[in-house]
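The primary structure of each chain is shown beneath.
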Amino acid sequence: MASKSVSQWEEMFLKYDKDSNGTLDIHELKSLLEEGDSTITDDQLQQVFTFFDGTDGDKRITLEEFKAGMQKVQDRVVTLTALFNKYSKHEPGYLSTEELDELLAADQQEFCPEENDSLLQKVNAAGKISQEEFINICT
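To keep things clear, this report deals only with the structure shown in the data block. All of these numbers come straight from a predicted model, not from anything done at the bench.

What counts as what
- All chains use their own residue numbering, which begins from 1 and follows the written sequence.
- Local features in this predicted model are restricted to residues of pLDDT 70 or higher, and side-chain atom pairs are both shown and tallied only at a pLDDT of 80 or more, whereas totals for entire chains, interfaces and linings draw on every residue.
- Side-chain figures throughout are based on the complete set of non-hydrogen atoms in the structure, without hydrogens or water.
- Helix numbers and strand numbers start at the N terminus; a helix is a DSSP run of H or I with at least 4 residues, a strand a run of E with at least 2.
- With a 1.4 Å probe rolled over the protein chains alone, any residue whose accessible area is under 20% of its type maximum counts as buried; one over 50% counts as exposed, and the rest are partly exposed.
- Multiplying 1.5 Å by the residue count of a helix minus one yields the expected span of that helix.
- To obtain the arc, one takes the directions from the helix axis to the C-beta atoms.
- Working convention: axes come from line fits to C-alpha atoms, limited for helices to the stretch in contact. Angles between N-to-C directions cover 0 to 180 degrees.
- Between 65 and 115 degrees an angle is taken as roughly perpendicular, under 35 as roughly parallel, over 145 as roughly antiparallel, and anywhere else as oblique.
- In this scheme, a crossing is called left-handed if the near helix is turned counterclockwise away from the far one by less than a right angle; it is called right-handed if the turn is clockwise.
- Whether two residues are in contact is decided by their heavy atoms, any of which lying within 4.5 Å being enough.
- Any residue that is not Ala, Val, Leu, Ile, Met, Phe, Trp, Tyr, Cys, Pro, Asp, Glu, Lys or Arg is counted as polar, Gly included; the first ten are nonpolar and the last four charged.

Here the focus is unusual backbone geometry. Of note in this structure, serine 20 is not a glycine but carries a positive phi near 55 degrees. Tracing the backbone through its elements, the reader meets serine 20 in the loop between helix H1 (6–16) and strand S1 (23–24). Here lysine 59, not a glycine, exhibits a phi torsion of approximately 70 degrees, which is positive. Mapping lysine 59 onto the fold places it in the loop between helix H3 (42–53) and strand S2 (61–62). Lysine 59 sits in the exposed class, given a relative accessible area of 57%.

Dropping the structure here:
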């Protein structure tokens, strides 16, 4: 995910607020995500929506909620990039199976079980995982 400015987030929000009511509903969020060539299941869409709206949300994402959520995502990408670079020692831009195992063992608090499983499946299938794949799985 490329770093974006707050004004770019606002432009993105306004572009997908199709009914111009100052909020995004779940259908508008889905359109936003699909433009980025995202393939997202209904369960994942609901999780992303809840991430922005909150567990006790009003089923609408305000611009402020969207900007706050995007900042959290951007902060997470920065953290993940630093972790990846710390453990990527042999082939720049990739983690080997051993490097990923070392990262996961040392930084368990950063990853939920689903992320661990997805990361391990990916690296076990190919023997390595790219930084882009790593970040996509974890965000």
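And the narrative resumes.
If you check helix H6 (residues 113–126), its first and last C-alpha atoms are 20 Å apart, about what 14 residues at 1.5 Å a residue would give, namely 20 Å. When H6 is considered as a whole, its buried residues turn out to be Glu115, Leu119 and Val123. The buried residues of H6 occupy one face: seen down the axis, they fall within an arc of 50 degrees. Those residues of H6 that are exposed and angled more than 90 degrees off the buried face are Pro113, Glu114, Gln121, Asn124 and Ala125. Of the residues flanking the end of H6, it is glycine 127, one or two places downstream, whose phi is positive at about 85 degrees.

For the rest of this paragraph, the subject is the packing of helix H5 (residues 97–106) against H6. Between two packed helices, what matters for the description is the angle formed by their axes and the separation of those axes. Where H5 meets H6, the axes come as close as 10 Å, and the angle between the chain directions of the two elements is 165 degrees. With respect to their mutual orientation, H5 and H6 come out roughly antiparallel. At the point where H5 passes H6, the crossing takes the left-handed sense. Across the interface between the two elements, Thr97, Leu100, Asp101 and Leu104 from H5 touch Asn116, Leu119, Leu120, Val123 and Asn124 from H6. Its residues placed into classes, the contact of H5 with H6 shows five nonpolar, three polar and one charged.

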